[in-house]
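Fold and contact review
Below, each chain spelled out in residue letters.
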Amino acid sequence: MHAAIDYQQLLSVIGDAIVVADGKGSITLWNTAAERMFGYSESEAIGRSLDLIIPERLRARHWQGFDKTMATGTTRYGHELLKVPAVNKDGGAMSIAFTVALLKNERGDVTGIVAVIRDETERFQQERALRKRLAELERQLGGQA
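Remember, it's a predicted structure, so these values are computed and weren't measured experimentally.

Before going further, it helps to examine the layout of surface pockets. Quantified by volume, the largest pocket comes out at close to 900 Å³. Taken together, 30 residues form the lining of the largest pocket, with His-62, Gly-65, Tyr-77, Leu-82 and Phe-98 sitting closest to its centre. At the level of secondary structure, the elements contributing two or more residues to the lining of the largest pocket comprise β1 (17-22), α4 (59-72), β3 (82-87), β4 (93-104) and β5 (110-119). Residue contributions to the lining of the largest pocket peak at 8 residues, all from α4. Residues belonging to the lining of the largest pocket are distributed by class as follows: 20 nonpolar, 7 polar and 3 charged. Quantified by volume, the second largest pocket comes out at close to 150 Å³. Considering every element that reaches the lining of the second largest pocket, the biggest residue donor is helix α1 (residues 7-13), with 3 residues.

Moving on, we get to the packing of aromatic side chains. Taken as a whole and judged by the stated rule, the model has 2 aromatic pairs. Between Trp-63 and Phe-66, the ring centres sit 5.1 Å apart and the planes meet at 70 degrees, which makes this aromatic pair edge-to-face. Of this pair, Trp-63 and Phe-66 both sit in helix α4, 3 residues apart, which is roughly one turn of that helix.

A few words now on the UniProt feature "domain: PAS" (unreviewed entry) in the protein. UniProt's feature table lists "domain: PAS" (unreviewed entry) at residues 3-56, given in the numbering used throughout. Secondary structure within residues 3-56 divides into 33% helix and 19% strand; the distance between the first and last C-alpha atoms comes to 44 Å.

The feature "domain: PAC" (unreviewed entry), as annotated in UniProt, sits at residues 80-132 in this numbering. Within the segment residues 80-132, helix and strand shares are 23% and 53% respectively, and the terminal C-alpha atoms sit 27 Å apart.

In this structure, Trp-30, Phe-38, Leu-50 and Ile-117 are the most contacted members of the largest nonpolar core, which totals 29 residues. Contributions of two or more residues to this core are made by β1, β2 (27-30), α2 (32-38), α4, β3, β4 and β5. Looking at this core element by element, the count peaks at 5 residues for β4. Excluding residues that lie within four positions of it along the chain, Ile-117 makes contacts with Asp-16, Ala-17, Val-19, Met-37, Phe-38, Ile-96, Ala-97 and Phe-98.

On the secondary structure map, Thr-28 appears in strand β2. Residue Thr-28 is classed as partly exposed on the basis of its relative accessible area of 44%. For Thr-28 and Gly-47, which are 19 residues apart along the polypeptide, the C-alpha to C-alpha distance reads 6.1 Å. What Thr-28 contacts, discounting residues up to four positions off in sequence, is Val-20, Ala-21, Asp-22 and Ile-46.

The rules behind the values
Residues numbered from 1 in each chain as written. Predicted model: local features only at pLDDT ≥ 70, side-chain atom pairs only at ≥ 80, totals over all residues. Heavy atoms only, no water. 1 Å grid on protein atoms, 1.4 Å probe; cavity = no way out; pocket = protein on both sides within 12 Å on 5 of 7 lines; lining within 4 Å. Points joined across faces, edges and corners; volume = space filled by probe spheres on them. Helix = DSSP H or I, 4+ residues; strand = E, 2+ residues; numbered from the N terminus. Nonpolar A, V, L, I, M, F, W, Y, C, P; charged D, E, K, R; others polar. Phe/Tyr/Trp six-rings, centres within 6.5 Å; stacked < 30°, edge-to-face > 60°. UniProt positions renumbered as here; feature names shortened; annotations may be inferred. Core = buried A, V, L, I, M, F, W, Y, C linked by side-chain atoms within 4.5 Å. Buried < 20%, exposed > 50% of the residue type's maximum accessible area, 1.4 Å probe, protein only. Contact = heavy atoms within 4.5 Å.

What follows is the structure in structure tokens.
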């Protein structure tokens, strides 16, 4: 026999941000990790557009993909990790990685989307620094030949 799961508790203790948006891209769920990650409280985020965390320069591209996903009911990011820039409440640049799941009604129509998001900013910066250092070392070695 399975014990009942307290889903509210699960959402509040899980380490990854869980963000749910309706079919128009309005935020309907924003967990504690999303608050920590992006700096917006639940009350500040609920009802707002996903533009809240999308850098302005990427919004048109995001909405093209979002609208296509809502219309077709398919996404390749249910299993593939999507890595993109984001922005926090202070306007700071972030690097995030996430997967999505589509929410459907009893007829199978897509009604919203769930994103499970992880902050990859520190790891991305470390990788960029390593690539830069490797390029410097390769230039140095190439200059000795």
